[in-house]
Amino acid sequence: MQTIHDTIIIDGQEIPFTKGQTIMDAALAARVYIPHLCHYPGLTPSGNCRLCTVDIGSKSVAACITPAAAGQEISNNTSALNDARKSITQMLFVEGDHICPSCEKTGNCKLQAMGYYLGMLDEHFPQFYQHREVDASHARILLDRGRCILCDLCVRASREVDKKNVFAIAGRGTEAHLIVNSSTGKLADSNIEPGDLAANICPVGAILIKEQGYQVPIGQRIYDQHTIQETGLQENSVKKNDD
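In this text, all values refer to a predicted model and were calculated from it rather than measured experimentally.

### Here we look at the overall build of the chain
Then comes step 1: The number of helices and strands found in the chain is 6 helices and 10 strands.
Then comes step 2: In summary, the chain has a C-alpha radius of gyration of 18 Å against a globular reference of 18 Å for 243 residues, a match within 12%.
Then comes step 3: By its C-alpha atoms, the chain is 50 × 40 × 40 Å across when sized along the principal axes.
Then comes step 4: Among the 243 residues that make up the chain, the fraction classed as buried is 47%.
Then comes step 5: Partitioning the intrachain contacts of the chain with sequence separation of at least 6 by distance along the chain shows that 63% fall at a separation of at least 24.
Then comes step 6: Working note: accessible area of the chain is about 12,400 Å², and carbon and sulfur atoms make up 50% of it.
Then comes step 7: The positive charge centre, built from 22 side chains, and the negative charge centre, built from 28, are 3 Å apart in the chain.

### Quick look at the domain arrangement of the chain
Then comes step 1: The domain architecture assigned to the chain consists of domain 1 (5–77 + 233–242) and domain 2 (84–227).
Then comes step 2: Its C-alpha centre places domain 1 at a distance of 24 Å from the equivalent point of domain 2.
Then comes step 3: Here domain 1 packs against domain 2, burying approximately 1,600 Å² in sum over the two surfaces, 60% of which is carbon and sulfur.
Then comes step 4: Taken together, the connections running from domain 1 to domain 2 amount to 1 salt bridge.
Then comes step 5: A salt bridge links Lys-110 to Glu-235, with the shortest nitrogen-to-oxygen separation between them at 2.8 Å.
Then comes step 6: Along the contact surface separating domain 1 from domain 2 lie 11 residue pairs in polar contact (both at pLDDT 80 or more).
Then comes step 7: In terms of residue class, the side of domain 1 that touches domain 2 is built from 12 nonpolar, 8 polar and 2 charged.

### A look at the packing of helix α2 (residues 79–94) against helix α3 (residues 110–117)
Then comes step 1: One way to put it is that α2 packs onto α3 with a least axis distance of 10 Å and a crossing angle of 140°. In terms of orientation, α2 lies oblique with respect to α3. Crossing hand, α2 versus α3: left-handed. Contacts between α2 and α3 involve Thr-89, Leu-92 and Phe-93 on the former and, on the latter, Leu-111, Gln-112, Met-114 and Gly-115.
Then comes step 2: Tallied by class, the residues present in the contact of α2 with α3 amount to 4 nonpolar, 3 polar and no charged.

### So, the nonpolar core
Then comes step 1: In this structure, Ile-8, Leu-37 and Phe-167 are the most contacted members of the largest nonpolar core, which totals 60 residues.
Then comes step 2: Per element, the largest residue contribution to this core is 5 residues, and it comes from helix α1 (residues 23–29).
Then comes step 3: Both domains that furnish three or more residues to this core are identified here as domain 1 (5–77 + 233–242) and domain 2 (84–227).
Then comes step 4: Those residues in contact with Phe-167 that sit more than four places away from it in its chain are Leu-143, Cys-154, Val-155, Ser-158, Leu-178, Ile-179, Val-180, Asn-181, Leu-187, Ile-192, Ala-198 and Ile-207.

### Side note on the sheet that holds strand β6 (residues 134–135)
Then comes step 1: Here we have 3 strands laid out as an open sheet, ordered β6-β7-β10, and antiparallel in their pairing. Edge positions in the sheet fall to β6 and β10 (207–209), since each has one partner strand and no second.
Then comes step 2: The sheet contact formed by β6 and strand β7 (residues 141–144) spans 2 bridges and is antiparallel. Bridge pairing links Val-134 to Asp-144 in β7.

### Considering the pattern of salt bridges
Then comes step 1: Here the structure, examined in full by the defined rule, presents 10 salt bridges.
Then comes step 2: A salt bridge links Arg-132 to Glu-95, with the shortest nitrogen-to-oxygen separation between them at 2.9 Å. One end of the pair, Arg-132, is in the loop between α3 and β6; the other, Glu-95, is in the loop between α2 and α3, and 37 residues separate them in sequence.
Then comes step 3: Of the residues examined, Glu-95 reaches a relative accessible area of 13% and is grouped as buried.
Then comes step 4: Across the pair Asp-152 and Arg-156 runs a salt bridge whose closest N-O atoms are separated by 2.5 Å. Assigned by exposure class, Asp-152 and Arg-156 land together as buried.

### Focus on α2
Then comes step 1: Between its first and last C-alpha atoms α2 spans 23 Å; for 16 residues at 1.5 Å apiece the expected length is 22 Å, and the two agree.
Then comes step 2: Taken together, the buried positions of α2 are occupied by Leu-81, Asn-82, Arg-85, Ile-88, Thr-89, Gln-90, Leu-92, Phe-93 and Val-94.
Then comes step 3: Taken together, the buried residues of α2 touch β3 (53–56), β5 (73–75) and α3.

### Description of the sheet that holds β5
Then comes step 1: Read from one edge to the other, the open sheet built from 5 strands follows the order β2-β1-β5-β3-β4, with strand pairing classed as mixed. What marks the edges here is a single partner per strand, and that holds for β2 (13–17) and β4 (59–62). Strand after strand, the sheet turns through a mean of 35° between neighbouring axes, direction not considered.
Then comes step 2: Pairing between β3 and β5: 2 bridges, direction antiparallel. Following the sheet pairing, Ile-56 is matched in β5 by Ile-74.

Parameters at a glance
Residues numbered from 1 in each chain as written. Predicted model: local features only at pLDDT ≥ 70, side-chain atom pairs only at ≥ 80, totals over all residues. Heavy atoms only, no water. Helix = DSSP H or I, 4+ residues; strand = E, 2+ residues; numbered from the N terminus. Rg over C-alpha atoms; globule rule 2.2 N^0.38 Å. Buried < 20%, exposed > 50% of the residue type's maximum accessible area, 1.4 Å probe, protein only. Contact = heavy atoms within 4.5 Å. Areas by Shrake-Rupley, 256 points an atom, 1.4 Å probe, with all protein chains shown as cover. Lys, Arg positive; Asp, Glu negative; His and termini not counted. Charge placed at Lys NZ, Arg CZ, Asp CG, Glu CD. Domains from an automatic or database assignment. Buried area = accessible area lost by both parts, 1.4 Å probe. Salt bridge = Lys/Arg side-chain N within 4 Å of Asp/Glu carboxyl O. Polar contact = N/O pair within 3.5 Å; in protein donor to acceptor, adjacent residues only side chain to side chain. Nonpolar A, V, L, I, M, F, W, Y, C, P; charged D, E, K, R; others polar. Axes fitted to C-alpha atoms, helices over the stretch in contact; angles between N-to-C directions. Parallel < 35°, antiparallel > 145°, perpendicular 65-115°, else oblique. Left-handed = near helix turned anticlockwise from the far one by under 90°. Core = buried A, V, L, I, M, F, W, Y, C linked by side-chain atoms within 4.5 Å. Pairing = 2+ DSSP bridges. Expected span 1.5 Å × (residues − 1).

In structure tokens:
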């Protein structure tokens, strides 16, 4: 059992942490929710989505990659930060093909749930309409890059948990895209399997297991029943119990 090292303050609440924990780690362990899409318990943090940005005094940092340090006074649940998070969520919606009524992931989608959580009522920004390749070559798994939000959860899951290194992110800025590390660049020629974490961790509808769509009716899905805050805290609790 780890010894409590010291405390940080989040929105006036004293939060204990152990040496090596990030602000996100400490917050979730204390059941304090910091919005996030690219963080997943047990995977190396990447700081990609920036939804977890918090303020330490006048400095803004990503909570998932910033080490907790004794005496930090952190602002998390503020109108300014939540407005910025809503803008990021709106930008994620318009840069990809996130049309919820026609997506099999609706009700199970973390991006959609984040929009609800932050009170997003419209997309605000003009749609990008980028053309991104769909890879349906694999017999059991579909890759729709048009829905990818570049969180790189599948990249880290494949590398760190599945030990396969199936995915990577290539390019920069608006040219960034998900690639498959196979001889042809096709999913069918990789060693991914439906049971891999990388095949099931996608927060949106970019990676889907074929032939099992709509098994749970709309209205009875994860985010039809619970907020992303509730599931985010539960996700962390499940990981702690597994450890």
